[in-house]
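Okay, here's what each chain looks like letter by letter:
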Amino acid sequence: MSAHAARSSHSPRSASVSAATQLSPVYPRRAAWGTATSLRAWQAAALDQYMSDIPRDFLAVATPGAGKTTFALRVATELMTRRLINEVVVVAPTEHLKYQWAESAARVGLQLDPDFSNAQRDLGASFHGACVTYAQIARAPMFHRQRISSRKTLVILDEIHHGGDNLSWGEAIRIAFSPAKHRLALTGTPFRSDTAPIPFVTYEPDADGVARSKADYTYGYADALRDYVVRPVMFLSYTGQMTWQTKHGEIMKATLGEPLTKAMTAQAWRTALDPNGEWIRAVFAAADERLSRVRVSVPDAGGLIIATDHASARAYGRILAKISGEKPTIVLSDDAGASDKIARFSADTSRWMIAVRMVSEGVDVPRLCVGVYATSTATPLFFAQAIGRFVRSRRRGETASIFLPSVPQLLALAGELEAERDHVLAVADESDGLDDAALAQANREDHASDEVDGPGYRALAAAATFDRVVFDGDDFGSWAEVGSDEEADYLGIPGLLDPEDVATILRQHHHAQQKKTPRPAPVMDSRRRSEKRKELASMVSAYSAKTGRAHALIHTDLRRACGGPEVARASLEQIEARIAQLQKWFVGRN
């Protein structure tokens, strides 16, 4: 949004702030980002706890989508009205979030300047405070320290875990805001993979003597799910055989999700995400079909593809435009109009948005219902923040659907979505004096770990196969061909159902799929059948590249032409018949 929009329509300080504090602390039916006219039960409870002590430091941990912004702005208006503070400073991770905070604050009567710079000395007379970024503070921590030292300031540290991102950010906010009268820290994901302490966060030893972060108020995903504040998430994972060439020219093959070394998993994963491969096209087609199904009951439902880099995002955009028939919104971090693109997408009813990291955290697009995790980042922090873009509930019955590669790390994170974590400063020493850890590490080490890097690496082929659905910590379904009836059953689940109903339907599809799996024939050349399946898959990929027709649609055409079940259950003779048919089509096109 523009700076003008953030500053417009403000009234005198005393009247606007006083009005904002008269909000009834009840549970609302719906609360948009930072704009609630009443408080949810957890927000009211957290506010009561805060106002009973009015501490200098307070850490609120609330799952993404629960309404941390509304809670923080209510604290700010309460303190301002009681004249306990006379200025508010919001520190956000990104430029986009500065403007989002300013817009939300304006709706409750607080005028925060999102364009405040390190070159300014004072705020304009109409402002109650400023919105800045962690990077901005890191560039001039002493300037901000001196500025707030003479004021009664509330500092709101949004997504405080960024205070541990690197020494410069953490030390900068410690220097800048140590003199602040009050500090309110917010996060949806307090855990980090490193042990860098986060400023203004309390750490206490657990039973094992390990220092863990201690929140003053916690509202987890499981709590929010029970209160219908957030949506449940259904994860649909896809596997498939990947083939690639290392930088030294060696040809490698692996099935995504098989037990592999860390490096081999990374290489197979990267191959799956290659824009030129069939895997990504098949998954995009499935996700678009799922979005169409959801839009039957949720007409404005939107989808988001999270890409690894700019080049992939642009390539994905071209693929998705052909599949969906609609050009997607592409948001890149170096795009000066990125924030405006996100705002327009949030307000319209278009189908898809593709982004790299611009919407991984804090950005609010409530209509996002379907996502594709097409990035190679697998840290718990990034995963939780990315999934947080889809969980904001607008009405009861909405379920988020996330498509992802069958990578063990991702499937584990999907299965533990409701787990509550704290930031751990140190790991307890469990050594028995023997170097078992070093030995285990050596056994796991893949000396080709850098084979995926360098000019010689090349993705060669990436087939897609439906793997399973992860929902509420359980797995449903098993391998099925892309375009099969089994896959269609899971893609066609209605978009507006209570979680219990979703689980019931998933169990029904799972049991039906198990019953349909045929017993092996008494006599079958299994090795030859496997070879013919690979031959067919290779020919389908080649035909797809030649014609531009999706892999799944070619398989459907072959089933119509030759009869029989999908490839997973087809006999050797049926597979050979499809190979012969495909050869005829090749000849016909030549």
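Above: the structure in question.
Residues numbered from 1 in each chain as written. Predicted model: local features only at pLDDT ≥ 70, side-chain atom pairs only at ≥ 80, totals over all residues. Heavy atoms only, no water.

When helices and strands are counted, the chain shows 21 helices and 21 strands. Sorting the 590 residues of the chain into buried and exposed places 53% on the buried side. As displayed, the chain offers around 25700 Å² of accessible surface, 50% of which is attributable to carbon and sulfur atoms. (Helix = DSSP H or I, 4+ residues; strand = E, 2+ residues; numbered from the N terminus. Buried < 20%, exposed > 50% of the residue type's maximum accessible area, 1.4 Å probe, protein only. Areas by Shrake-Rupley, 256 points an atom, 1.4 Å probe, with all protein chains shown as cover.)

Let us now look at the sheet that holds strand β11 (residues 241-245). In space, the three strands of this open sheet follow the order β12-β11-β18, with antiparallel pairing throughout. Both outer strands of the open sheet, β12 (251-255) and β18 (458-462), are each paired with one neighbouring strand and no more. Looking at each pair of strands side by side, their axes are set apart by 20° on average, direction ignored. Bridge count for β11 against β12 is five bridges, and the pairing is antiparallel. When the bridges of β12 are listed, Gln-241 appears paired with Thr-255. Contacting β11, β12 and β18, helix α10 (residues 262-272) runs over the sheet at an angle of about 100° to β11. (Pairing = 2+ DSSP bridges. Axes fitted to C-alpha atoms, helices over the stretch in contact; angles between N-to-C directions. Contact = heavy atoms within 4.5 Å.)

Running from N to C, helix α11 (residues 278-297) and helix α12 (residues 310-324) cross one another at 50°; their axes reach a closest spacing of 10 Å. In terms of their interaxial angle, α11 and α12 are classed as oblique. The interaxial crossing formed by α11 with α12 has right-handed handedness. Mapping the contact onto sequence places Ile-280, Arg-281, Phe-284, Ala-285 and Asp-288 in α11 and Tyr-316, Ile-319, Leu-320, Ile-323 and Ser-324 in α12. Of the residues contributing to the contact of α11 with α12, the split by class is seven nonpolar, one polar and two charged. (Parallel < 35°, antiparallel > 145°, perpendicular 65-115°, else oblique. Left-handed = near helix turned anticlockwise from the far one by under 90°. Nonpolar A, V, L, I, M, F, W, Y, C, P; charged D, E, K, R; others polar.)

So, about the pairing of strand β5 (residues 153-157). Taken across its five residues, β5 has five buried, putting it largely inside the fold. Of the two faces of β5, the one carrying Thr-153, Val-155 and Leu-157 and the one carrying Leu-154 and Ile-156 are both buried. Judged from the five bridges that link them, strand β2 (residues 87-92) and β5 form a sheet pairing that is parallel. Of the residues in β5, the one forming a bridge with Glu-87 is Thr-153.

Here the focus is unusual backbone geometry. Phi is positive for Ile-54, close to 45°, though the residue is something other than glycine. Take Ile-54: it is sitting in the loop between α3 (41-53) and β1 (57-62). Its identity as a non-glycine residue notwithstanding, Arg-83 has a phi of 60°, on the positive side. Mapped onto the fold, Arg-83 is located in the loop between α4 (68-81) and β2. Note on Arg-83: relative accessible area 67%, which makes it exposed.

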